[in-house]
Amino acid sequence: MTYSELELAYMLVSAKGTGLEVNAYVERSTGEIHIDNIELNEGDEIPQDLAHGAKYAQVPSQEALLNELELMRLLVERQLSGDEQAEFDKATMDMGDDEAVKSGIHYLNSIGKLATWRKLVSSVQEKALRNWAAEEDLLL
């Protein structure tokens with residue numbers, strides 16, 4: 001299995017708002033990725049024992065692997081001026097995590113920092129996925 005294959009499975013599992021519930025599993029002995037979703041597995045048979053933890057590792061979702069709001073607050077703390085931090089806090093105050101992230105993304109875009117945010121998420125995501133694979137004894 002390559003990192004790109006793992007990343008694609010991770011993105012499928014993490015997709016929000018698509019109406020599809022997707023689970024992905026990595027077969028420990030072969031590195032083969034099995035997508036557990038009838039609409040995405042193109043009619044391929046999937047193993048019936050996917051829940052067998054010793055044989056398969058379930059690919060985590062972004063929600064399980066990263067806390068986007070914590071990452072965003074870290075970026076705000078390190079990259080924005082005091083006034084920008086105060087505006088960010090106003091824009092995300094009294095919101096749930098998902099709403100705060102959406103509002104935060106809108107604010108970061110408005111001040112030209114969205115690319116910096118996306119670069120941070122991408123970097124942290126790759127490290128977290130590689131660490132997860134190593135913890136699961138999966139070779140990339």
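Here, every reference points to the structure presented above.
Because the structure is a prediction, the values reported are computed rather than measured. Within each chain, residues carry numbers counting from 1 in the order of the written sequence. Residue-level local features of this predicted model are given only where pLDDT is at least 70; pairs of side-chain atoms are given and counted only at 80 or more, and the full residue set underlies all totals for whole chains, interfaces and linings. Here the side-chain values reflect all heavy atoms present in the structure, with hydrogen atoms and water set aside.

## Focus: unusual backbone geometry
The line we're drawing: In this description a helix means any DSSP run of H or I spanning at least four residues, a strand means any run of E spanning at least two, and both kinds are numbered starting from the N terminus. Exposure is judged per residue with a 1.4 Å probe applied to protein chains only, and the accessible area is read against the type maximum: over 50% gives exposed, under 20% gives buried, and values in between give partly exposed.
You will see that Asp-94, though not glycine, has its phi angle at about 60 degrees, which is positive. Among the secondary structure elements, Asp-94 is positioned in the loop between α4 (82-92) and α5 (97-110). The class for Asp-94 is exposed, based on a relative accessible area of 77%. Of note, the phi angle at Asp-137 is positive, near 60 degrees, even though the residue is not glycine. Relative to the helices and strands, Asp-137 resides in the segment after α6 (114-135).

## Some points on the side chain of Gln-125
If you trace the backbone, Gln-125 turns up in helix α6. Judged by relative accessible area, which is 10%, Gln-125 ranks as buried.

## Structural notes on the sheet that holds strand β3 (residues 56-58)
The test is simple: A pair of strands is treated as paired once DSSP finds two or more bridges between them. The axes are straight lines fitted to the C-alpha atoms, using for helices just the contacting stretch, and the angles between their N-to-C directions are given from 0 to 180°.
Pairing within the open sheet is antiparallel, and its three strands lie in the order β2-β1-β3. In the strand order of this sheet, the two ends are held by β2 (33-36) and β3, each with one partner. For this sheet, the mean inter-axis angle between neighbouring strands, taken without regard to orientation, is 30 degrees. Sheet analysis places strand β1 (residues 23-27) next to β2, joined by four bridges and oriented antiparallel. From the neighbouring strand, Tyr-25 faces β2, where its bridge partner is His-34.

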